[in-house]
Amino acid sequence: MKKMFLNILCCAVLIWNGLISFSWGGQVVTKELKTWAKEAIKQEKALQAIVKPNTVAVMYFHNRTKSSKLNPLQKGITIMLCTDLSLLDDIQLVERVRLQALVEELDLGVSGLVEPGTAPRVGRLLGAGCIVGGDIFEGKLAELRLNSDLLEVGNEKIFGQVMTEGNLAELFRMEKDLLFEITSLLKIKLTPEQKQALKKPLSTDIKALIYFFKGIEYSDQGNYKKASSFYKKALKKDPDLGPAQDAISELLKLGLTKKKMKTRTLLKDLRNRTSLTDRLTPDHAVKRSRTPQDIERRQMLKPEPVSPNDIDNDGDGYTENQGDCDDNNYSVNPGAEEICGDGIDQDCDGSDME
């Protein structure tokens, strides 16, 4: 019996070591992470004894407003906080993708995480000593109110609460309000250099952030093509949004999406693959006289000229004759997702959705 217990404990330690091997990885829930989640649940009792006080897990925020347009913020605020907290050496941060792997394995949604007793259980499975969670409400003085609670996993007691209000366009500012209050409650002494680094926003363009958060959601759903398109939209709004570029690179590296070649690059690639050494013709061309009949015959064989409206200028898979209403904009085409109320007809149906 003792030997069996030691084996279980060793297995749990290996699982937990896999958990804390690195604190901020990519955004794709890989097969390895899914396997880890299954094993963690199997060894749940053993993992309860391996909780580390300085390990922090940031849960998804729960949208408690009546507006579905704020749903991207449920994971978005978590991503923003994780990005900042990963810069601190005082804590060991649990990756968001591990949280997502557990949420999928336990068949939980964002609302399921806030059920009584669920968050502490997930915290123990993640090996976290502290959980940061939160809610999104309609503000009394502004459009939004963000509430965040800090829970000690061991005794399942809340030891801190923070709150901030503002409009959606001020999301980056509100996230910083939460961040510095959370670091204070965690008793992390920030150096002037750390404070300066943490003040840098992920992006000040709210549309870029929303596109990025939507890309994360599609990635979690396994729709990597759609995720990549939203990451690209985010980068068009804010070219300095590094995590969006990292997410695109991750999808390419994992072979989940393919890089689209431009026509000139494709032709050059094909030419480089073609052998120019094994010739089927003599080195010196033989001059051949052509008759008027030959010239007339060659002209009859020439292909019909291609209409400019049949050329896909922006490489989005649609031409003007196929319904692309802006063939110089990759994010506007009949297959694009319409963004409500931004003054742009993304899906080319003739009007912007209200």
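Look up a bit, the structure's there.
Given the structure is predicted, the values throughout are model-derived calculations rather than measurements. (Residues numbered from 1 in each chain as written. Predicted model: local features only at pLDDT ≥ 70, side-chain atom pairs only at ≥ 80, totals over all residues. Heavy atoms only, no water.)

*Asks:* Can you lay out the overall build of the protein for me, pointing to particular residues and giving the numbers?
*Replies:* Across its full length, the protein holds 14 helices and 5 strands. Out of the 354 residues belonging to the protein, those deemed buried represent 42%. Long-range pairs, those at least 24 residues apart, make up 57% of the contacts in the protein with a sequence separation of at least 6. Total accessible area on the protein stands at roughly 21200 Å², and carbon and sulfur atoms take up 52% of it. (Helix = DSSP H or I, 4+ residues; strand = E, 2+ residues; numbered from the N terminus. Buried < 20%, exposed > 50% of the residue type's maximum accessible area, 1.4 Å probe, protein only. Contact = heavy atoms within 4.5 Å. Areas by Shrake-Rupley, 256 points an atom, 1.4 Å probe, with all protein chains shown as cover.)

*Asks:* Which residues make up the packing of helix H4 (residues 72-85) against helix H8 (residues 171-185), and what are the values?
*Replies:* The interhelical angle for the contact between H4 and H8, taken along N-to-C directions, is 55 degrees, at an axis separation of 10 Å. Relative to H8, the element H4 lies oblique. The handedness of the crossing between H4 and H8 is right-handed. Across from Leu73, Ile77, Met80, Leu81, Asp84 and Leu85 in H4, the residues of H8 making contact are Leu171, Phe172, Glu175, Lys176, Leu178, Leu179, Ile182 and Thr183. (Axes fitted to C-alpha atoms, helices over the stretch in contact; angles between N-to-C directions. Parallel < 35°, antiparallel > 145°, perpendicular 65-115°, else oblique. Left-handed = near helix turned anticlockwise from the far one by under 90°.)

*Asks:* Could you give an account of the state of the cysteines, with specific residues and numbers?
*Replies:* Note on terminology: a disulfide is the covalent bond linking the sulfur atoms of two cysteines. The final tally for this structure, using the stated rule, is 1 disulfide. Each disulfide pairs two cysteine sulfurs, and for Cys325 the partner residue is Cys348, the sulfurs being separated by 2.2 Å. The S-S bond linking Cys325 to Cys348 shows a torsion near -80 degrees; that makes this disulfide left-handed. Highlighted residues: Cys325 in the segment after helix H14 (292-300) and Cys348 in the segment after H14, separated in sequence by 23 residues. (Disulfide = S-S within 2.5 Å.)

*Asks:* A description of the side chain of Asp238 should follow, citing residues and the corresponding values.
*Replies:* Tracing the sequence through the fold places Asp238 in the loop between helix H11 (224-237) and helix H12 (242-253). No salt bridge is formed by the buried Asp238, whose closest oppositely charged neighbour, Lys200, lies at an N-O distance of 9.4 Å. (Lys, Arg positive; Asp, Glu negative; His and termini not counted. Salt bridge = Lys/Arg side-chain N within 4 Å of Asp/Glu carboxyl O.)

*Asks:* Mind laying out H11, listing which residues take part and the relevant values?
*Replies:* Over its 14 residues, H11 runs 20 Å from end to end, which matches the ideal 20 Å to within 8%, given 1.5 Å per residue. Along H11, the positions that sit buried rather than exposed are Tyr224, Ala227, Ser228, Ser229, Phe230, Tyr231, Lys233, Ala234 and Leu235. Taken together, the buried residues of H11 touch helix H10 (206-220) and H12. (Expected span 1.5 Å × (residues − 1).)

*Asks:* Give a detailed account of empty space enclosed by the protein, specifying residues and quantitative values.
*Replies:* All told, the structure shown has 1 cavity of 30 Å³ or more when counted by the stated rule. Met80, Thr83, Asp84, Phe172, Glu175, Lys176, Pro201 and Leu202 are the residues that line the largest cavity. For the lining of the largest cavity, the secondary-structure elements that each account for two or more residues are H4 and H8. When grouped by side-chain class, the residues that make up the lining of the largest cavity number 4 nonpolar, 1 polar and 3 charged. (1 Å grid on protein atoms, 1.4 Å probe; cavity = no way out; pocket = protein on both sides within 12 Å on 5 of 7 lines; lining within 4 Å. Points joined across faces, edges and corners; volume = space filled by probe spheres on them. Nonpolar A, V, L, I, M, F, W, Y, C, P; charged D, E, K, R; others polar.)

*Asks:* So, the pairing of strand E1 (residues 52-63): which residues are in play, and what are the values?
*Replies:* Here E1 lies mainly inside the structure; 9 of its 12 residues are buried. Where E1 meets strand E2 (residues 92-93), 2 bridges bridge the pair, whose relative direction is parallel. Residue pairing in the sheet places Val56 in a bridge with Leu93 of E2. (Pairing = 2+ DSSP bridges.)

*Asks:* Describe the packing of aromatic side chains, naming the residues involved and giving the relevant values.
*Replies:* For any pair of aromatic rings, geometry is given as the distance between the ring centres together with the angle between the planes. If you walk through the whole model with that rule in mind, you get 4 aromatic pairs. The structure contains a cluster of three or more aromatic residues connected by ring pairs, namely Tyr211, Tyr218 and Phe230. The residue whose ring lies beneath Arg98 is Trp36, and the NZ or CZ to ring-centre distance is 5.1 Å. A cation over an aromatic ring shows up here: Lys233 above the ring of Phe230, its NZ or CZ 4.6 Å from the ring centre. (Phe/Tyr/Trp six-rings, centres within 6.5 Å; stacked < 30°, edge-to-face > 60°. Lys NZ or Arg CZ within 6 Å of the ring centre and 35° of its normal.)

*Asks:* Report on the pattern of salt bridges, specifying residues and quantitative values.
*Replies:* Evaluation of the coordinates by the stated rule reveals 14 salt bridges. Between Glu44 and Arg121 there is a salt bridge whose closest N-O contact spans 2.8 Å. Highlighted residues: Glu44 in helix H3 (residues 44-47) and Arg121 in helix H7 (residues 118-125), separated in sequence by 77 residues. A salt bridge links Lys176 to Glu175, with the nearest nitrogen and oxygen atoms 3.7 Å apart. Glu175 shares its class with Lys176; the two are buried. In the salt-bridge network here, residues are joined through shared partners; they are Lys75, Arg96, Glu217 and Asp220.

*Asks:* Residues and numbers for the nonpolar core, please.
*Replies:* Here is a general trend for soluble globular proteins: nonpolar side chains tend to be buried in one another's company. One finds Leu73, Ile77, Leu171, Phe212 and Phe213 to be the most contacted residues of the largest nonpolar core, which totals 53 residues. Of all elements in the fold, only E1, H4, strand E3 (128-138), strand E4 (144-152), H8, H10, H11 and H12 reach the threshold of two or more residues within this core. In terms of residue count, H10 provides more of this core than any other element does, 8 residues in total. Among all residues touching Ile77, those that are not within four sequence positions of it are Phe61, Ile136, Leu146, Leu171 and Leu178. In terms of nonpolar packing, the next biggest core, distinct from the first, is built from 25 residues, Val94, Leu99, Val103 and Leu151 among them. (Core = buried A, V, L, I, M, F, W, Y, C linked by side-chain atoms within 4.5 Å.)

So, to be careful, I would describe these as geometric facts and stop short of saying anything about function.
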